[in-house]
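Take a look at the letters that make up each chain.
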Amino acid sequence: MSVQLRRYHAAVWDEPLVMEMGVQGRRGCHFPAAEADVAASSGPAEALVPQSMRRSSGPELPEMSEPDVLRHYLHLSQQTLGMMGISLFGTCTMKYNPRLTESLAARPWIADLHPGQDPSTLQGILEIAHNLDGLLCELSGMDQFTFQPAGGADAAYAHACLTRAYHAARGELEQRNQIVTSIQAHPCNPATSAAAGFEVVTLMLEPDGYPSLDALKAAVSKRTAALMINNPDDMGIYNPNIREWIDVVHDAGGLCFYDHANFNGVMSKVRARELGFDACMFMLHKTFGVAKGGGGPAVGAYGCTAELARYLPGPIVRKTGDRFDLVDDSPSSIGRVREYWGNVHQLAKAYAWTRAMGAEGIAEASDMSVLINNYMERELLKIRGITRSHPDIGSWRMEMTRFSLGQLYEDTGVSVLDVQNRMVDFGVDAFWLSHEPWVVPQPFTPEAGEMWSKEDVDYWIAVLRQISDEAYSDPETVKSAPHNQAIHKLGPESLDDPDRWAMTWRAYKRKQS
Amino acid sequence: MERPRAHPYMPNSVPAVRRQLLAALGIDSVETLFSQIPGDHRLRKPLELPPALTSESELRRHMSDLLSKNRSCEDALSFLGGGCWHHHVPAICDEIVQRSEFLTPVWGTPASDLGRNQAWFEFTSQLGELVGMELVALPVYSWGCAAGHAIRMAARITGRSKVLVPQFLDPERSAVIRNYCEPTEMSSHIEIVQVGYDPDTLLLDLTDLKGKLNDEVAAVYFENPTYLGQIEHQAESIAEAARACGAETIAGVDPISLGILKPPGQYGADLAVGSIQPLGIHMNGGGGLGGFIASRDEPRYAYEYPALMVSIAETTHGEYGFGLALAHQSSYGMREEGKDWTGNSTYLWAIAAAAYMALLGPAGFREMGELIIQRAHYCASLLDGIDGVRVHAKRGFFKEFVVNFDDAGKRVADIDAALLRRDIFGGIDLSEAFPQLGQSALYCVTERHTQADIRRLADTLAEVCGT
């Protein structure tokens, strides 16, 4: 297989910071002056602000004309590689974000809705949310979803809050102050548990690639409030004992939460409810085709059983006859994890994606993501310096495989960070390494999903092969990468030094002077 | 399973490609690859989903049929605010956030996603100028979440576990803050103590505040303008009283007011939080929210931020670059030992806000602030002149104010329903959350409301209240 590597080079605009741009007196937009009657009635604006609260000098913002602002941000967009090339950023399920719904969501019928409008004026978006709820219930077996959590981590937080309410209602919250998770669970599970006030019990991996049932039994007790776990994990390994796990936790009185971050490989294959879970979470900005926006706005759709539904954050969409309402009448509700009822524009996109795929399309996407991952794994393991986690586990992996460049690093001194910096020289987005802590040295985790063509994946593999060849023949080329980008790699660490970090331009100017 | 035609979103759904991949693995069926999953875990029936709409034209029709049932704030005349506001969104903000490069990426490297990282830094830098603070993090989910995190930061900084908050607080934000402060059963519970108000001005009662301040208080949280719209002119005294007790001062502010209102950094706030939604982001039914956290640039604060922080940094060749500062203290770096948690947030909106602040500049923020405050006062005085309608605290607010209908003998719910029939979205009904205000509503006037719009509201209210 021969793949021609592209002669990619990033756009180089040498674009100044916006804070350095502009000329005093330039304007990027006007607002009208108050009408004569208005001004006559209100008096001068300044007099309306109590003296102690008046701003004495204007903010030091740039003064730019409208086209200059546009061109500046267009230049910055062109200096963003992102998904313009190939992005197999594992654990994030990079997939196509249909532009139809982007254009529909930009119109006033979504963009200019206020969350406090009377539900009679929101019937379209409420029906969409209601329908999406139904689709997600079918995919998970759960009874009710909330869309309030504004990301996957926020859904984990919602679960931790719901766990508090559930045990508090039984008078057991003080006793049940532990949440059990695994070292391979996404960091948001232990982190939100702790932020909700729980102690975290973390199970370590055993040779099979997941913690043992015995370790779980030893960890679970009358203090157990919940289990928060994903399956398969980011190494592509599915815990076959998950049903027994859930039984153990349920027998001890705890709730079981399925972090479905890795849903792409199992959608239509398993359902959270039938496995025994009480609640689960889908990331609409990953699995359901909603754009990531570089990190949100996102939705962690959180679904649970009818028994737990009373604790959900409100408001919830409910259908009565032909009418849809926002209902917030449960006295047991945990209230809010964020204001209002969700990133509703993203619900329309996720709903449209699910309708475009249908049951067959979703099953096929899951097939495709597992198929292409195993194809990719087979090819990557032919490349010098690349190994995979748990090499002795012979089974096919799910939609991801955790690889290691430990061998490459030992042989050549080239690290995964160096490889990331070199990949982008070929128009390929840097791969994801691994969440902390690393369970293999120099890890990386690609995920091809259903969007990327075989040609894309072959190109991506060819880039890694090229970099491996360079690492063994000319490691400096890799270590000094990138070479085809607008800037070089960041210099020696300054970002943790209080005298040098600068999170704003004004801090930078002060520290430079 | 092979489909008769390839799905438009799935390039490998061509049967020949699928067979090629299977052949490369030496297997006949993709089912082989799922051998890790025990048979009794498998769903044994096909999913029951409605038929796929694989053609864009069909899907568009379906979505349009649904969405056309909505009536937006462009269709009607809206006076809703209270945490999500119908400000003007410049066309350039829409253009920029719809750019595929900004719309779709996930993370990248400092070099390959330089442009987006620079836009983020321009967001924090410009917001820093508005609030008068040197440390601004990437945004969190919302104002309520920002306030919740800031309160938790203050509790960690001071080692104390009580927060004073105003009695008049948006019920939505308040409910978020309650979760962040944890129930009493948790060992890290933060007690929320409400501070009373002056019945005439609706501002914080300083005497009550001082009576409740002691060495157990981690922070005083107040808003400026307040939830009810008033400009909290006692800000400096509040911060001073808090400081005297060793408590942190957290100010919740509306960034769009800061062209004419004093920035929180200048009246003694240690931390500032607020919403970025007014800064060039459509309401999106609540999907336009984003929250910011800002503070002085001191390690004491920096070491407690849960949100990601982007710092300017030099490359090996002396170019500007941008990287994450103090990344190890986030939940990504330290799991449960990290500061609260972080994850996907509202970073696309930070870019809209960056473009917005650059478009407005100092003159734009001043002009808009002046326009809003004048039109809001004009509206208040017109409404106050209607029989049965009374504006509570007739001056001293920014864009929102409380309108009371007790003398009209009508419930806000009935008035809002009558307005709705006349294509007006009336103000937020306060009567349930704040019964002490009687039948009152929170009206919001922005730069979008013309004199004619305001007259139309006044005429309609006169009609509705008179019947």
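Whatever comes next refers back to the structure up there.
Residues numbered from 1 in each chain as written. Chains lettered and ligands numbered in written order. Predicted model: local features only at pLDDT ≥ 70, side-chain atom pairs only at ≥ 80, totals over all residues. Heavy atoms only, no water.

## Focus: the packing of aromatic side chains
Throughout the structure, instances matching the rule amount to 31 aromatic pairs over all chains. Residues A:Phe288 and A:Trp353 carry aromatic rings whose centres are separated by 5.7 Å and whose planes lie at 75 degrees to one another, so their mutual orientation is edge-to-face. Here A:Trp353 lies in helix H12 (residues 344-380) and A:Phe288 lies in the loop between strand S6 (279-283) and strand S7 (300-304), a separation of 65 residues in the sequence. On the basis of an interplanar angle of 50 degrees and a centroid distance of 6.2 Å, the ring pair of B:Tyr227 and B:Phe434 is categorised as tilted. Pair noted here: B:Tyr227 is in the loop between strand S5 (219-224) and helix H9 (235-244) and B:Phe434 is in the loop between strand S14 (428-429) and strand S15 (440-444), with a separation of 207 residues, a long-range link. Pair check on accessibility: B:Tyr227 and B:Phe434 agree, each one buried. Among the aromatic side chains, those forming a connected cluster through ring pairs are A:Phe145, A:Phe263, A:Phe282, A:Phe288 and A:Trp353. For A:Arg6, the ring lying beneath its charged end belongs to A:Tyr459, and the centroid distance is 5.8 Å. It is B:Arg173 that lies over the ring of B:Trp143; its NZ or CZ is 3.6 Å from the centre. (Phe/Tyr/Trp six-rings, centres within 6.5 Å; stacked < 30°, edge-to-face > 60°. Helix = DSSP H or I, 4+ residues; strand = E, 2+ residues; numbered from the N terminus. Buried < 20%, exposed > 50% of the residue type's maximum accessible area, 1.4 Å probe, protein only. Lys NZ or Arg CZ within 6 Å of the ring centre and 35° of its normal.)

## Points about H12(A)
Residue and element names in this part refer to chain A. Between its first and last C-alpha atoms H12 spans 40 Å; for 37 residues at 1.5 Å apiece the expected length is 54 Å, and the helix comes up short by more than 12%. Along H12, the sharpest change in direction is near 90 degrees and occurs at Gly358. In terms of burial, H12 is largely enclosed, as 35 of its 37 residues are buried. (Expected span 1.5 Å × (residues − 1). Bend = angle between axes of the 7 residues up to and from the residue.)

## Notes on the layout of surface pockets
The calculated volume of the second largest pocket comes to roughly 1,600 Å³. Considering the residues around the second largest pocket, the lining is formed by 46 residues, among which A:Gly116, B:Glu172, B:Ile428, B:Asp429 and B:Glu432 are closest to the centre. Elements that contribute at least two residues to the lining of the second largest pocket include exactly strand S9 (323-327) of chain A together with helix H7 (171-181), helix H13 (412-421), strand S13 (424-425) and S14 of chain B. Class assignment for the residues of the lining of the second largest pocket results in 22 nonpolar, 14 polar and 10 charged. No fewer than three residues from each of domain 1 (77-85 + 362-466) and domain 2 (92-356) of chain B sit in the lining of the second largest pocket. (1 Å grid on protein atoms, 1.4 Å probe; cavity = no way out; pocket = protein on both sides within 12 Å on 5 of 7 lines; lining within 4 Å. Points joined across faces, edges and corners; volume = space filled by probe spheres on them. Nonpolar A, V, L, I, M, F, W, Y, C, P; charged D, E, K, R; others polar. Domains from an automatic or database assignment.)

## Some words on the interface of chain B and chain A
If you look at the interface, chain B gives 201 residues, while chain A gives 213 residues. For the pair chain B and chain A, the summed buried surface comes to about 18,200 Å²; carbon and sulfur atoms form 63% of the total. It is B:Gln36, B:Glu129 and B:Arg335 in chain B that bury the most area against chain A; as a group they hold 5% of the surface buried on that side. Here chain B is connected to chain A by 11 salt bridges. A salt bridge links A:Lys511 to B:Asp297, with the shortest nitrogen-to-oxygen separation between them at 2.6 Å. Viewed at the interface, chain A and chain B are joined by 96 residue pairs in polar contact (both at pLDDT 80 or more). (Contact = heavy atoms within 4.5 Å. Buried area = accessible area lost by both parts, 1.4 Å probe. Salt bridge = Lys/Arg side-chain N within 4 Å of Asp/Glu carboxyl O. Polar contact = N/O pair within 3.5 Å; in protein donor to acceptor, adjacent residues only side chain to side chain.)

## Section: the sheet that holds strand S2 (residues 178-182) of chain A
Residue and element names in this part refer to chain A. Within the open sheet, the 7 strands sit side by side as S1-S7-S6-S5-S4-S2-S3. Their pairing is mixed. Unpaired on one side and paired on the other, strand S1 (144-146) and strand S3 (199-203) mark the two borders of the sheet. Taking the axes of each pair of neighbouring strands and ignoring which way they run, one obtains an average angle of 20 degrees across the sheet. Of the pairings in the sheet, the one linking strand S5 (residues 255-259) to S6 comprises 3 bridges and is parallel in character. Pairing of Asp259 across the sheet is with Met281, part of S6. Packing against the sheet, helix H6 (residues 123-140) makes contact with S1, S6 and S7, and its axis sits at approximately 120 degrees to S1. Sitting on the sheet, helix H7 (residues 152-169) is in contact with strand S4 (224-230), S5, S6 and S7, with an inclination near 160 degrees to S4. (Pairing = 2+ DSSP bridges. Axes fitted to C-alpha atoms, helices over the stretch in contact; angles between N-to-C directions.)

## Some words on the pattern of salt bridges
A complete count under the given rule lists 57 salt bridges over all chains for this structure. Of the charged contacts in the structure, one is a salt bridge between B:Arg375 and A:Glu35, with a shortest N-O distance of 2.8 Å. Note that B:Arg375 is positioned in helix H12 (residues 347-384) and A:Glu35 in the segment before helix H1 (36-42), a pairing that runs across two chains. There is no split in this pair, since B:Arg375 and A:Glu35 are both buried.

## Some details on the nonpolar core
Most often, soluble globular proteins have nonpolar side chains that are buried together. Counting residues in hydrophobic clusters, the biggest one holds 127 residues, and the most contacted among them are A:Tyr73, B:Leu209, B:Leu383, B:Phe401, B:Phe405, B:Tyr443 and B:Leu461. There are two domains that each give this core at least three residues, and those are domain 1 (77-85 + 362-466) and domain 2 (92-356) of chain B. Counting 124 residues, the second-largest nonpolar core is a separate cluster that includes A:Phe89, A:Val201, A:Phe288 and A:Met423. (Core = buried A, V, L, I, M, F, W, Y, C linked by side-chain atoms within 4.5 Å.)

## Considerations on unusual backbone geometry
Of note, the amide linkage connecting A:Gly296 to A:Pro297 takes the cis form, showing an omega dihedral of 10 degrees. Relative to the assigned elements, A:Pro297 resides in the loop between S6 and S7. Going from A:Glu436 to A:Pro437, the amide bond is cis rather than trans, its omega being -10 degrees. Of note, A:Pro437 is situated in the loop between helix H14 (416-423) and strand S12 (443-444). The phi torsion at B:Asn284 lies on the positive side, around 50 degrees, for a residue other than glycine. You can see B:Asn284 is positioned in the loop between strand S7 (271-275) and strand S8 (291-295).

## Let's talk about the pairing of S5(B)
Residue and element names in this part refer to chain B. Here S5 lies mainly inside the structure; 6 of its 6 residues are buried. Side-chain alternation along S5 places Ala219, Tyr221 and Glu223 on one buried face and Val220, Phe222 and Asn224 on a second face that is also buried. With 2 bridges connecting them, strand S3 (residues 162-166) and S5 associate as parallel partners. For Val163, the partnering residue across the bridge sits in S5 and is Ala219. Inspection of the sheet shows S5 paired to strand S6 (residues 248-253) by 6 bridges, in the parallel sense.

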